[in-house]
Amino acid sequence: MPDKGALANGLNCHETVTWRGRSRHFRTTDYRWYVRDREECCMPDEMSYLPMVNHVLERHKGSPGALLPILHEIQEGIGYIPDATVPEIAHALNLSHAEVRGVISFYHDFRTAPPARHILRLCRAESCKSRGAEQLAAQLRKRLHLDDHGSSADGNISLRPVYCLGACACSPALELDGKLHARLSAERLNTLIDACQEGA
Amino acid sequence: MMTHLYLPVDSLARAVGSDEVAVALASEARKRNLPLDLHHTSSRGLYWLEPLLEMDTPQGRIGFGPLTAEDVPGVLDALQGEPSSHPLALGLVEELPYLKSQQRLLFARAGITQPLSLDDYRSHGGFEGLTRAIAVGGEQTATEVFDSGLRGRGGAAFPAGIKWRTVRGTPAAQKYIVCNADEGDSGTFADRMLMEGDPFLLIEGMAIAGITVGASYGYIYVRSEYPQAISTLREALDIARAAGYLGADVGGSGLAFDMEVRVGAGAYICGEETALLDSLEGKRGIVRAKPPIPALQGLFGQPTLVHNVLTLASVPIILAKGAQFYRDYGMGRSTGTMPFQLAGNIRHGGLVERAFGLTLRELVEDYGGGTASGRPLKAAQVGGPLGTWVPPEHFDTPLDYEAFAAIGAMLGHGGVVVADDTLDMAHMARFAMQFCAEESCGKCTPCRIGSTRGMEVIDRLLAAPDQGKRTEQAIVLKDLCDTLQYGSLCALGGMSAFPVTSALKYFPADFGLQASEAEQ
């Protein structure tokens, strides 16, 4: 987990960054909201993440096998792994771009596009299946008009299947925005979705 | 008088409402001006009773559960008056038959201690194993582990002592201890419970391993689906380091050992030890061909001791109480205790730690209380998504590595997923192939391509218009399963065939086949 305070310090909050001959002034501490605001009002500019990315690379590049921790921290800070960060990571770790992209695409957790506001991961493994996870999945598909991997057009909610959350003694289970919910019923699932849609 | 209450902070207890109960307790106690001391402990593993609130009494801790926030005022009334009058009162928790009949060695502290309290850990036998390991020295420690008969708890059941001797006997400038905490099997949660509830036990086990085999650094590779285990372990590492149990001089031994937590990224295959090592090295989690075995050339090409969480966590008690004490539990070549995990459609889901040798029926019927739905039991899948579906006629098999191998099944990590008669085994067989296709690392052909072909064959089998066509596809499917089982590089491909062939063998009707056709 990146320390939010350290992130802020790494950035000095107000900073003019020069990258590949272009300079840009920006001020923020929380990249995730910054990115979202930017994308809603103007063109995405992945360059703006680079100070944070360089800060992460600086801290990790000496430790052996650091690629996964680096990718986790970048995703934690930005919400996804922007394509513009790949050359920076590759350069810092002395890897080819292909090696970095290969790792990003191999692991289910890493995203290369901004996530929805809410991420709902319904467990679809054996234990939850034996307690009706498939019916819950059908309920989600029907209510949200999405498939199992779908994201709503308004960017509010993404569905992702997950195979085991370690809650098997109280199946079925799901994870919503990082919080685990178990002993699910159709009603509780509806309540959770209601809460997501109210906040939208 | 101050009332001492205990409520678990285990992530699953929280997922079923223990946080809400804690908030309600605090506000209700304030309203009543009642002095409460709420201790946040680990979970007992009696998950069907969670959230389980316990209170100190002169006789021992009494329990209430499963609670909701709405039950809190009533429970406080009962605590101030006659506790047993409450409808959710359970009496003395340690007298509950589910718990009392267990043999808890690994989970001895579960539900009793606070996960991040070093004082709690020490006052319940913590670090006795490390102290003794330092006192007797590396050679004797490795011998004790060997003599205890401890076998790897991750699934393959390889004798731990042999790995320890191999790594110890291999000269190298740098060796590593790697803890495989990528507990991806559905139906298993013992690793998660241990890491969230008793992190110092794992740290102690790894420190003993480190100073014994001559490794100065360790990694715990935890799956990203367990965020609470990750944060608890990281805090526990800082506490242990500050107390001198990690660092340049481990517990006064003069030997150095330190470790860190690394987080997986949602790849099931990284639970396979060589894929895990590649992932730790910052690569795609691709399975390596063996030999060389990791004990000789593992992480970064160095000798590496790779063990599951439960294997490493078994070491402190073996050292503290001696190899003979541990050997006295279990049967045959399966010595010690195993934390079995009851999951799926089961009335009393939770953790049952018992010596090897009790039968699957005792586990599912006596402890589990049958299906949660109340419908007839159809089968139990033992050993995770790659395990065999065991039909009730085999439920009298003792839970022992060899006895399970004899019926074509495996114990794996000790997870048992129970299903009632509504679960469609043809669907589960297709899911096993689909899961293998999604999670295959892609290195070997049977797994990478065979799994997708397997899905297609099952689809054709289910869509076939007549018996003849169905039988034809069943033969192709069995042939394909043979290829997977004997031709794959690792257990993912090799064992993905098990749930398919067992479903086909025991539940042919779900595939629209007659029993005689499935036998062919």
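Keep in mind the model is a prediction, meaning the values are calculated, not measured.

1. Looking at the overall build of chain B
Tallying secondary structure elements over chain B gives 20 helices and 16 strands in all. The C-alpha radius of gyration of chain B comes to 24 Å, within 12% of the 24 Å expected for a compact globule of 520 residues. Taken over the C-alpha atoms alone, chain B extends approximately 80 × 60 × 40 Å along its principal axes. Among the 520 residues that make up chain B, the fraction classed as buried is 57%. Residue pairs at least 24 apart in sequence account for 71% of intrachain contacts in chain B once pairs closer than 6 positions are excluded.

2. Things to note about the pairing of strand E13 (residues 350-355) of chain B
Residue and element names in this part refer to chain B. In terms of residue burial, E13 counts as a mostly covered element, since five of its six residues are buried. Alignment of strand E12 (residues 337-344) against E13, held across six bridges, turns out to be antiparallel. Each bridged residue has a counterpart across the sheet, and for Gln341 the counterpart in E13 is Leu351.

3. Considering the nonpolar core
Counting 216 residues, the largest nonpolar core has A:Ala173, B:Val178, B:Cys179 and B:Val222 as the members making the most contacts within it. Counting residues per element, this core draws most heavily on helix H9 (residues 199-213) of chain B, at ten residues. Other than its neighbours up to four places away in sequence, B:Val178 contacts B:Gly218, B:Tyr219, B:Tyr221, B:Leu276, B:Leu277, B:Leu280, B:Leu299, B:Thr304 and B:Val306.

4. Quick look at unusual backbone geometry
Residues and elements named next belong to chain B. Looking along the chain, the bond that leaves Gly65 and enters Pro66 is cis, with omega of -5°. With respect to the secondary-structure elements, Pro66 resides in the loop between strand E4 (60-64) and helix H3 (72-80). Note the cis peptide between Lys290 and Pro291, where omega equals -5°. One non-glycine residue, Phe127, adopts positive backbone phi at about 65°. Within the secondary structure, Phe127 sits in the loop between helix H5 (118-123) and helix H6 (128-148). Given 23 C-beta atoms within a 10 Å radius, Phe127 is considered buried.

5. A word on the sheet that holds strand E16 (residues 415-420) of chain B
Residue and element names in this part refer to chain B. Overall, mixed pairing links the five strands, which are arranged E13-E12-E16-E14-E15 in an open sheet. With partners counted over all chains shown, the strands left at the sheet margins are E13 and strand E15 (389-390), one partner each. Bridge count for E12 against E16 is four bridges, and the pairing is parallel. Counted as the bridge partner of Gln341 is Gly415 from E16.

6. Re helix H19 (residues 491-506) of chain B
Its 16 residues place the ends of H19(B) 22 Å apart at the C-alpha level, agreeing with the 22 Å of an ideal helix rising 1.5 Å per residue. Counting buried positions along H19(B) gives 14 out of 16 residues, so the element sits mostly inside the fold.

7. Some details on the packing of helix H3 (residues 50-60) of chain A against helix H5 (residues 85-93) of chain A
All names here are of chain A. Where H3 contacts H5, the axes come no closer than 10 Å and their chain directions differ by 20°. What the angle tells us is that H3 and H5 run roughly parallel. In this structure, H3 meets H5 at a crossing whose hand is right-handed. Residues Leu50, Val53, Asn54 and Leu57 of H3 form the contact with H5, whose own contacting residues are Thr85, Glu88, Ile89 and Ala92. In terms of residue class, the contact of H3 with H5 is made up of five nonpolar, two polar and one charged.

8. Observations concerning the interface of chain A and chain B
How large an interface is tends to be reported as the accessible area lost when its parts come together. Contact residues are listed per partner, giving 35 residues for chain A and 46 residues for chain B. Among the elements of the structure, helix H4 (67-78), helix H6 (97-106), helix H7 (126-129) and strand E6 (179-181) of chain A are those that each provide at least two residues to the side of chain A that touches chain B. Among the elements that line the side of chain A that touches chain B, the one with the most residues is H4(A), at four residues. Looking at the side of chain A that touches chain B, its residues break down into 21 nonpolar, ten polar and four charged.

9. Details of the environment of B:Glu281
Within the secondary structure, B:Glu281 sits in the loop between helix H11 (273-280) and strand E9 (304-308). B:Glu281 sits in the partly exposed class, given 16 other C-beta atoms within 10 Å. Residues B:Glu281 and B:Gly187 lie 94 residues apart in sequence; the distance between their C-alpha atoms is 29 Å. Ignoring any residue separated from it by four or fewer positions in sequence, one finds B:Glu281 in contact with A:Gly65, B:Leu299 and B:Phe300.

10. Brief notes about the pairing of strand E8 (residues 258-263) of chain B
The side chains of a regular strand alternate, first on one face of the sheet and then on the other. Here strand E7 (residues 217-222) of chain B runs beside E8(B); their pairing, made up of six bridges, is parallel. Counted as the bridge partner of B:Tyr219 is B:Glu260 from E8(B).

11. Considerations on the sheet that holds strand E3 (residues 53-57) of chain B
Residues and elements named next belong to chain B. Strand order in the open sheet formed by five strands is E2-E1-E3-E4-E5, with mixed pairing between adjacent strands. Edge positions in the sheet fall to strand E2 (36-41) and strand E5 (89-92), since each has one partner strand and no second. The sheet shows a mean angle of 25° between the axes of neighbouring strands, taken without regard to direction. One ladder, built from six bridges, connects strand E1 (residues 3-8) with E2; its direction is parallel.

12. So, the environment of B:Leu296
Its place among the elements puts B:Leu296 in the loop between H11 and E9. Judged by C-beta crowding, with 17 C-beta atoms within 10 Å, B:Leu296 ranks as partly exposed.

13. Re the domain arrangement of chain B
All names here are of chain B. For chain B, the assigned domains read domain 1 (3-100), domain 2 (118-327), domain 3 (330-420) and domain 4 (425-519). Placing a centre on the C-alpha atoms of domain 2 and another on those of domain 4 gives a separation of 36 Å. If you look at the interface, domain 2 gives eight residues, while domain 4 gives seven residues. Counted by class, the side of domain 2 that touches domain 4 contains six nonpolar, one polar and one charged residues.

14. Some remarks on the environment of B:Leu461
Residue and element names in this part refer to chain B. With respect to the secondary-structure elements, Leu461 resides in helix H17 (residues 445-463). Once the C-alpha coordinates of Leu461 and Leu513 are considered, the two residues, 52 residues apart in sequence, prove to be 9.5 Å apart. In contact with Leu461, not counting residues within four places along its chain, are Arg470, Gln473, Ala474, Leu477 and Phe511.

15. What about the packing of H17(B) against H19(B)?
All names here are of chain B. One way to put it is that H17 packs onto H19 with a least axis distance of 9 Å and a crossing angle of 25°. Here H17 lies roughly parallel to H19, going by the angle between them. Crossing hand, H17 versus H19: left-handed. In contact with Pro446, Cys447, Gly450, Ser451 and Gly454 of H17, H19 contributes Leu492, Gly493, Ser496 and Val500. When its residues are assigned to classes, the contact of H17 with H19 shows four nonpolar, five polar and no charged.

Rules behind the numbers
- Residues numbered from 1 in each chain as written.
- Chains lettered and ligands numbered in written order.
- Predicted model: local features only at pLDDT ≥ 70, side-chain atom pairs only at ≥ 80, totals over all residues.
- Helix = DSSP H or I, 4+ residues; strand = E, 2+ residues; numbered from the N terminus.
- Rg over C-alpha atoms; globule rule 2.2 N^0.38 Å.
- Buried ≥ 20, exposed ≤ 12 C-beta atoms within 10 Å, placed from the backbone.
- Contact = placed C-beta atoms within 7 Å.
- Pairing = 2+ DSSP bridges.
- Core = buried A, V, L, I, M, F, W, Y, C linked by C-beta atoms within 7 Å.
- Expected span 1.5 Å × (residues − 1).
- Axes fitted to C-alpha atoms, helices over the stretch in contact; angles between N-to-C directions.
- Parallel < 35°, antiparallel > 145°, perpendicular 65-115°, else oblique.
- Left-handed = near helix turned anticlockwise from the far one by under 90°.
- Nonpolar A, V, L, I, M, F, W, Y, C, P; charged D, E, K, R; others polar.
- Domains from an automatic or database assignment.

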